[in-house]
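Below, each chain spelled out in residue letters.
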Amino acid sequence: MIALTGKNQSYVLVLYGLCFPLIHVAHAQFILKMAAVQGGMGDADIKTDIKTEPSADGFGNNNANDGRVLSASPGSSSSTGSNKQTAAVTPEDQQTLLAVLQFLKKNKLSESVEILRREAGLPENSLDPKANESAGAGSGGAAGIVDLEGGDASSLLSRVTGSSSAGAQAPTKGTFICGGKKDQPDVSVVLSAYSQQGDPTLYKVYYRDLKKFIETVLDCHRAELSQVFYPLFVHMYLELVYNNHESEAKAFFEKFSGDQECYYEEDLRILSGLTKKEHMRGNETLLDFRTSKFVLRISRDSYQLLKRHLQERQNNQIWNIIQEHLYIDIFDGMPRSKSQIDAMSGSLAGEAKREANKTKVYYGLLKEPEIELPLDDEDEEAENEEGKPKKKKPKKDSVGSKSKKQDPNAPSQNRIPLPELKDSDKLDKIMYMKEATKRIRLGPDNLPSVCFYTFLNAYQGLTAVDLTDDSSLIAGGFADSTVRVWSVTPKKLRKVKSAADLNLIDKESDDVLERIMDEKTASESKIMYGHSGPVYGISFSPDRNYLLSSSEDGTVRLWSLLTFTCLVAYKGHNYPVWDTQFSPYGYYFVSGGHDRVARLWATDHYQPLRIFSGHLADITCTRFHPNSNYVATGSSDRTIRLWDVLSGNCVRIFTGHKGPIHSLAFSPNGKFLASGATDGRVLLWDIGHGLMVGELKGHTDTIYSLRFSRDGEILASGSMDNTVRLWDAMKAFDDLETDDFTAATGHIHLQDNSQELLLGTYTTKSTPVIHLHFTRRNLLLAAGAFNP
Amino acid sequence: MTERRFAEVSRESVRLMAEGAGVELGDDVAALLAEDVCYRLREATQSSSQFMRHAKRRKLTVEDFNRALRWSNVEAICGYGAQDALPFRSVKEGELFFVEDRDVNLVELALATNIPKGCAETMVRVNVSYLDGKGNLEPQGTVPTAVQSLSDDLLKYYQQITRAILGEDPHLMKVALLDLQSNSKIAALLPYFVYVISGVKSVSHDLEQLNRLMHMVKSLVQNPYLYLGSYVRSLVSSVMYCILEPLAASINPLNDHWTLRDYAALLLSHIFWTHGDLVSGLYHQILLSLQKVLSDPVRPLCSHYGAVVGLHALGWKAVERVLFPHLPAYWANLQAVLDDYSVSNAQVKADGHKVYGAILVAVERLLKMKALSLSQSAEGQSGAHPGSVVGAVSYRVNSPGLSPPPEPLSEAALGIASHLQVGGAGCHWEEWTPVPLPAMYCELYSFFGDSLAVRFSTGTGFGTHSPCTPSQLGDSRKEPPGPASNLDTTRKMPQLTANLNISPRQDGSPRTDPPPPSLSGPGSRSRSSSSCSRQRSAGLSREVFPKARFTSPQTTPPAFSFLIGGRQMGQRCQGRRPFQTMFATTPPVSAIPPRTYAHKLPVIGRVGKPVRRWTCSHYSLHLPL
């Protein structure tokens, strides 16, 4: 619940401090579920418990009613029930609190109950069923039409959680679990909001009326107000379906679905398949739509216009929907143009609220540890004795001075505890610096060479590819559950000797690392078995000792590249895990999957350290920020979120893609993010300002990989359409910096300069490009499976 | 019904299916069900597309759909997992559509002679597509898959090659084999060649053809562009056939099937060292089958011969592991054959001599290598005695078992050790414990007597386990020492000669290295010697292993001595164990009865004829090409 007020957050924090200190306070429903697990009882138990308490029902309905009354008249304060003394707390939050209290009581956590009550300033009797009974009685009528099954089953808890989660997220997936049985109460509560009665035949009239009105308003307002069409359309359709007006719903759909923006086509298709009330139960898309408020940004003028119109016409039906299911983010200033709106819309839940992107993000890079470059290195070409020190000194200084300057936008060095550098890491850093000096400077006139790693005979089974940072190993995840690693250098892959043989080794010798390797096992590739489903995500650790793989079987596995065996299976997602990635500093990794939750793990913990919850649909890709303090996730809900690893909060929401996002890439300086989606577009984002800063059009199919060159001058994108395209990233970002930022409003004018920015298009014969990588010297490596 | 947005299941279909299940449905119920089924299908399709997208495919497969079903707790549909599209047929009369599902005749399938198209291994290939962002340098290479149907060129090539190799013209054969060895574009033909080679069983009467097929194996194995993968197993079994089977060709004593076996044995070891990592457990399987043949008295002597040379080719550890423990039991049988002087037995006896010679060569090397490995491990101790440092150093240089890689055999020797310890495929292997060298020598001496060219002194010097050089008269007579004479004798028992030369103070002659398992004898020989010298020059003061590998000899006092003489047959037949324990409990085995058998076979051991033949046959490998 992003909209939680600061005060409220502290209430929940108490709870949170009690049980699970590491988990981000997403919202109460989540906490309750977790707590239920902690308390050793399943969700079902809670439900039955509460069901047996007859008074809870009335109480719950009462509160729900409160909410409705409130939303119908914005600004007025609560006047019903026994909750007057907490007017500062919004009713929904209070519901949440009450539910938490009740839960704690049930579990005999009386101390926590006391603390929470004191903190929240709730009266002693707030949980007393009798005190609420009278209040509940008045709204009994509403309860009658609420539920299909189990009459009074819309229990307090589920009702409360159902409405409290409206702000943001549906953290656990109900739809995939045994016919939605688990989430049934939730769903019915969610849906019951549609139970308002209205003349079904009038829906068309209402909608047409509004349409006419919007078409007649001034041009500058029309584009803005048109945003209302889609959410209204969907909610009205669902209301019709919910109330069993099947034929009216069909007619409504046919009449107006053509008016909707083309980028909603996918959702509309799903919607059109849904014609029965029974279907709504357990439909993810619908749940998402209902549980999240559709966010619109409308200028104050336009909003006033709309409001006046609806009030004049007494069009309560539509007004109610707008109040209940839409969140209108009103801003002062010029209304936005159609193109501006189109650029930002398209996600499942509308645009991001402006305040969602206001948090400060420390996007700067961490200071690199100072490592002395060895002066007398044998590898260096022989130089004359006098020239040597001269040449080396400035190099060393430049490295030092660079790192001494602390980036004002960088997080403090120990904001996130990072693993200490091992000797081997230092050696690798030195190697990296050496390689970096030989790096080719890329630019529009100096394009990189492209090498293609083709996977042959993969039989359509290659699902993920990764290359190590030094480009020495390539790994593939396959649909047959295997993970294969190839060495792309002449150095073969070797296992460590068996324990018995290791005993015989002279541990003091200098080349002990060489001696522990079993020469007999040397081979070009190794296969690792362990998963029981296709491997969708794969990632090498920076030190090349480990490999992560995430699979359909719901686990993330950590493999050792020394023994080529599985070390850990991280369980927690329970649903297909679509992607995983190591932190650039190792140790941490992030995973995201079908359960709509991204998790942050540390390799030595079998449980996640953070849970990032907020996406409304599957998380399709995950990326670490170069400074390891943030994690970006792309989702099928067509949004990108940036999460703070420290607090677990969502600090950025980027909307604008019109399809599921399948690739993300941070620029090397940490300032920008590029994202690619099934819509074939690459969008560029300024992380600091939380703005879209560019759109790169050209690909004709899903973009599965994005990568910036080592210096950040060039962005390479690889797609299902069998091409690699290179874009002038420098120019894309430069243009922007000269442009004066409309940061306050967040409204951007994107110029359509994709063609100018496109530097090259490289086609393969018949190989979709699913991975890209720049070597340390800026040679572009691409990989994919040949699909004859 | 206005416009159909989706494919729909009609209520008639639902009713038909219900009838099929024995349920009568009303119209309204069927309609409701039909609509629901449609909806559920659409839902499943939508979620299945997610699996397709994440698998980075464009084609939705049955597997994707099944995954969607499984995750929504619906039973998956089995039997449609094939990648190819299923043929969909309709019957006009009944307006029936169905997926064709033909009966499969399993018998026919099992007995089919055509090779099923295999799945080629997944691999990664790299090519520079664009240089400096400009131009396509080379088109993406063709894809070598076995699944691909063969192009005409390949087919023609295949026919030409097989015809040339199996044909009459030796020159043509040579050219064909050379090409097979170096051609980079024949991956697709590999299964076909392997199939041809598996035809050894059908030509077991034709020695010449067998030889040619073995050469074909060699060429395939040496081709650096071929990835043999699981075909290694097939090749190995063909080679093993030539080593072990009583070939029809061997009925005629004039046929030199011995050479074939020798060659096949070397080939086997070559395949194993170079491609053994492709098939796990291969080593064990080979050893087991060799052991099986060796321990089967019913098998003809030529099979036994094959087993022995096979073991020999696999390295001294294999000999120690399999041949040595079986020797006592086997000796009895062999003895019986050799002792029969009747005319009818002449041929068998000749074969017996062959086997005897092979065994002798094998155990000679076993002794020598074991001594070397011991001297290697003894080095750890000797480091403490400054006096023996020099000797230890020179030994380490020569010990192929423990020095780091460059030479193929050395890594192989390590590999065996680890293999055996880890693997343990059969229960046979579990109980195996290495016999200490003195005991081994003692036992072998009881069989072979002076025929053994390797000599160990019985004095205190033995305590450090260095093979000493009291070059006995007989030996020096037989093998004039010195490099010059060695050259003359071509590599006639090179290991014996070299061993005689070893002394702690001499620098290790490269000759001590056993013949490497590579088929190109001379080349690798020079390589190994150069590697030796390189090592020597690199300075060698580092101790590889501080601890000895075989510690027991060190702990027992150097009280070991033996009498010249063999032991009673009956006692020998009890096997190794009692002997061993006896040795352990009463260290000085003083009560060894006088040697009898070695005396009886003076010719075989002394003259070294079998050995000469062995070396000849070894040498003959290099003739054809």
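Since the model is a prediction, treat every value here as computed from it, not as a measurement.

Caption draft 1: Spatial organisation of the overall build of chain B. Helix and strand counts for chain B stand at 28 helices and four strands. Considering chain B as a whole, with its 625 residues, one finds that 50% of them fall into the buried category. When contacts within chain B are restricted to residue pairs at least 6 apart in sequence, long-range pairs at least 24 apart make up 70% of them. Surface summary for chain B: the accessible area is close to 30200 Å², and the carbon and sulfur share equals 59%.

Caption draft 2: Main features of the confidence of the model for chain B. All names here are of chain B. Taken residue by residue, chain B gives an average pLDDT of 65. The fraction at 70 or more is 58%. This stretch, residues 382-430, has a pLDDT under 50; its non-local contacts, to residues over four places away or in other chains, come to 103 contacts. Every residue in residues 458-625 is under pLDDT 50, and counting partners more than four places away or in other chains gives 281 contacts.

Caption draft 3: Structural context of the packing of aromatic side chains. For the structure on display, the rule yields 33 aromatic pairs over all chains. Summarising the aromatic geometry, the rings of A:Tyr575 and B:Trp71 are spaced 5.6 Å apart at their centres and angled 45 degrees between planes, so their arrangement reads as tilted. Separated into two different chains, A:Tyr575 in the loop between β13 (565-571) and β14 (577-582) and B:Trp71 in helix α3 (residues 62-71) make up a pair that spans both. The structure contains a cluster of three or more aromatic residues connected by ring pairs, namely A:Tyr207, A:Phe229, A:Phe233, A:Tyr237, A:Phe252, A:Phe253 and A:Phe256. Across from the ring centre of A:Tyr327, 4.2 Å away, lies the NZ or CZ of A:Lys353, which sits over that ring.

Caption draft 4: Representation of the UniProt feature "repeat: WD" (unreviewed entry) in chain A in the model. Residues and elements named next belong to chain A. According to UniProt, the feature "repeat: WD" (unreviewed entry) maps to residues 455-496, 528-561, 570-601, 612-653, 654-687 and 696-728 in the numbering used here. As annotated, residues 528-561 comprises 0% helix and 56% strand, and the C-alpha atoms at either end are separated by 10 Å. Helix makes up 0% of residues 696-728 and strand 61%, and the two end C-alpha atoms of the span are 10 Å apart.

Caption draft 5: The arrangement of the side chain of A:Ser471 in detail. All names here are of chain A. Checked against the element boundaries, Ser471 lands in the loop between β4 (462-467) and β5 (473-478). Of note is the side chain of Ser471, whose polar atom sits 3.2 Å from the side chain of His773. Excluding its chain neighbours within four sequence positions, the residues that come into contact with Ser471 are Val488, His773, Thr775 and Leu781.

Caption draft 6: Here's a closer look at the sheet that holds strand β25 (residues 691-697) of chain A. Residues and elements named next belong to chain A. What the four strands build is an open sheet, ordered β22-β23-β24-β25; its pairing is antiparallel. Two strands lie at the open edges of the sheet, namely β22 (661-666) and β25, each paired on one side alone. Geometrically, the sheet is characterised by an average inter-axis angle of 20 degrees between neighbouring strands, direction not taken into account.

Caption draft 7: Region of the structure containing helix α18 (residues 437-448) of chain B. All names here are of chain B. Helix length check: α18, at 12 residues, gives a terminal C-alpha distance of 16 Å against a target of 16 Å (1.5 Å per residue), a fit within 8%. Judged by how many residues are buried, α18 sits mostly within the fold: 12 of 12 residues are covered. Listed in full, the buried residues belonging to α18 are Leu437, Pro438, Ala439, Met440, Tyr441, Cys442, Glu443, Leu444, Tyr445, Ser446, Phe447 and Phe448. Just downstream of α18 lies Gly449, where phi reads positive at about 60 degrees.

Caption draft 8: Representation of the sheet that holds strand β12 (residues 555-560) of chain A in the model. Residues and elements named next belong to chain A. If you trace the four strands from one edge of the open sheet to the other, you get β10-β11-β12-β13, paired in antiparallel fashion. Only two strands of the sheet have a single partner each, and these edge strands are β10 (535-540) and β13. The mean angle between the axes of side-by-side strands here comes to 20 degrees, regardless of whether they run parallel or antiparallel.

Caption draft 9: View of the packing of helix α1 (residues 11-20) of chain B against helix α2 (residues 27-54) of chain B. Residue and element names in this part refer to chain B. Interaxial distance between α1 and α2 falls to 8 Å at its minimum, and their mutual angle equals 105 degrees. In terms of axis orientation, α1 runs roughly perpendicular to α2. Between α1 and α2, the contacting residues are Arg11, Val14 and Arg15 on the first element and Asp27, Ala30, Ala31, Leu33 and Ala34 on the second.

Caption draft 10: Region of the structure containing the pairing of strand β2 (residues 96-99) of chain B. All names here are of chain B. Bridge count between strand β1 (residues 88-91) and β2: four bridges; the pairing is antiparallel. Within β2, the position partnered with Val91 by the bridge is Leu96. Here β1 hands over to β2 after four residues, with Glu95 in that stretch at a positive phi of 50 degrees.

Caption draft 11: Up close: the packing of helix α8 (residues 207-222) of chain B against helix α10 (residues 257-275) of chain B. Residue and element names in this part refer to chain B. Taken N-terminus to C-terminus, the directions of α8 and α10 make an angle of 15 degrees; their axes are 10 Å apart at the nearest point. When the axes of α8 and α10 are compared, the pair comes out roughly parallel. The hand of the α8/α10 crossing is left-handed. Contact with α8, carried on its side by Leu207, Leu210, Asn211, Met214, His215, Val217, Lys218, Val221 and Gln222, involves His257, Leu260, Tyr263, Ala264, Leu267, His270, Ile271, Thr274 and His275 of α10 and no other residues of that element. When grouped by side-chain class, the residues that make up the contact of α8 with α10 number 10 nonpolar, seven polar and one charged.

Caption draft 12: Region of the structure containing the pairing of strand β24 (residues 681-686) of chain A. Residue and element names in this part refer to chain A. Most of β24 sits inside the fold, with six of its six residues counted as buried. Every second residue of β24 is oriented toward a common face, with Arg681, Leu683 and Trp685 on one face and Val682, Leu684 and Asp686 on the other, all of them buried. In terms of strand pairing, strand β23 (residues 672-677) meets β24 through five bridges, oriented antiparallel. Note on β24: the bridge partner recorded for Ser675 is Leu683. With six bridges joining them, β24 and β25 adopt antiparallel strand pairing. Counted as the bridge partner of Trp685 is Met692 from β25. The hairpin formed by β24 and β25 contains four residues between the paired strands, and Gly690 there has a positive phi angle of roughly 70 degrees.

Caption draft 13: Structural context of helix α7 (residues 190-197) of chain B. All names here are of chain B. Extensive coverage of α7 is indicated by the burial of six of its eight residues. Listed as buried for α7 are Leu190, Pro191, Phe193, Val194, Val196 and Ile197. Buried residues belonging to α7 abut α5 (152-166), α6 (170-182), α8 and α9 (231-244).

Caption draft 14: Broad picture of the nonpolar core. Counting 103 residues, the largest nonpolar core has B:Phe193, B:Met214, B:Leu323, B:Ile359, B:Leu444 and B:Phe448 as the members making the most contacts within it. Considering each element in turn, this core owes the most residues, 13 residues, to helix α14 (residues 346-382) of chain B. Filtering out sequence-adjacent residues up to four positions away, B:Leu323 remains in contact with B:Leu294, B:Val308, B:Leu311, B:Ala318, B:Ile359, B:Ala362 and B:Val363. In this structure, A:Tyr203, A:Val241, A:Tyr264 and A:Leu271 belong to the second largest nonpolar core, which totals 44 residues.

Caption draft 15: Examining the environment of A:Asp579 more closely. Residues and elements named next belong to chain A. By the secondary structure assignment, Asp579 is in strand β14. Using a relative accessible area of 10% as the deciding quantity, one classes Asp579 as buried. As a C-alpha pair, Asp579 and Tyr536 span 43 residues in sequence and 6.2 Å in three-dimensional space. Other than its neighbours up to four places away in sequence, Asp579 contacts Gly537, Ser550, Val590, Ser591, Gly592, Thr620, Cys621, Thr622 and Arg623.

Caption draft 16: Region of interest: the pattern of salt bridges. All names here are of chain A. Counting across every chain of the model gives 44 salt bridges over all chains. Between Glu351 and Arg336 there is a salt bridge, and its shortest N-O distance comes to 2.6 Å. Of this pair, Glu351 sits in the loop between α20 (338-344) and α21 (387-404) while Arg336 sits in the loop between β2 (326-331) and α20, placing them 15 residues apart in sequence. Accessibility expressed as a relative area gives 3% for Glu351, which makes it buried. Judged by relative accessible area, which is 2%, Arg336 ranks as buried. Among the ionic pairs, Arg544 bridges to Asp428, the shortest N-O distance being 3.1 Å. Placement of Arg544 in the loop between β10 and β11 (546-551) and of Asp428 in helix α22 (residues 423-437) is noted, with a sequence separation of 116 residues between them. Look at the salt bridges and you will find they share partners, linking Asp428, Asp469, Asp470, Arg544, Arg710 and Arg776 into a network.

Basis of the calculations
- Residues numbered from 1 in each chain as written.
- Chains lettered and ligands numbered in written order.
- Predicted model: local features only at pLDDT ≥ 70, side-chain atom pairs only at ≥ 80, totals over all residues.
- Heavy atoms only, no water.
- Helix = DSSP H or I, 4+ residues; strand = E, 2+ residues; numbered from the N terminus.
- Buried < 20%, exposed > 50% of the residue type's maximum accessible area, 1.4 Å probe, protein only.
- Contact = heavy atoms within 4.5 Å.
- Areas by Shrake-Rupley, 256 points an atom, 1.4 Å probe, with all protein chains shown as cover.
- pLDDT = per-residue confidence, 0-100.
- Phe/Tyr/Trp six-rings, centres within 6.5 Å; stacked < 30°, edge-to-face > 60°.
- Lys NZ or Arg CZ within 6 Å of the ring centre and 35° of its normal.
- UniProt positions renumbered as here; feature names shortened; annotations may be inferred.
- Polar contact = N/O pair within 3.5 Å; in protein donor to acceptor, adjacent residues only side chain to side chain.
- Pairing = 2+ DSSP bridges.
- Axes fitted to C-alpha atoms, helices over the stretch in contact; angles between N-to-C directions.
- Expected span 1.5 Å × (residues − 1).
- Parallel < 35°, antiparallel > 145°, perpendicular 65-115°, else oblique.
- Left-handed = near helix turned anticlockwise from the far one by under 90°.
- Nonpolar A, V, L, I, M, F, W, Y, C, P; charged D, E, K, R; others polar.
- Core = buried A, V, L, I, M, F, W, Y, C linked by side-chain atoms within 4.5 Å.
- Salt bridge = Lys/Arg side-chain N within 4 Å of Asp/Glu carboxyl O.

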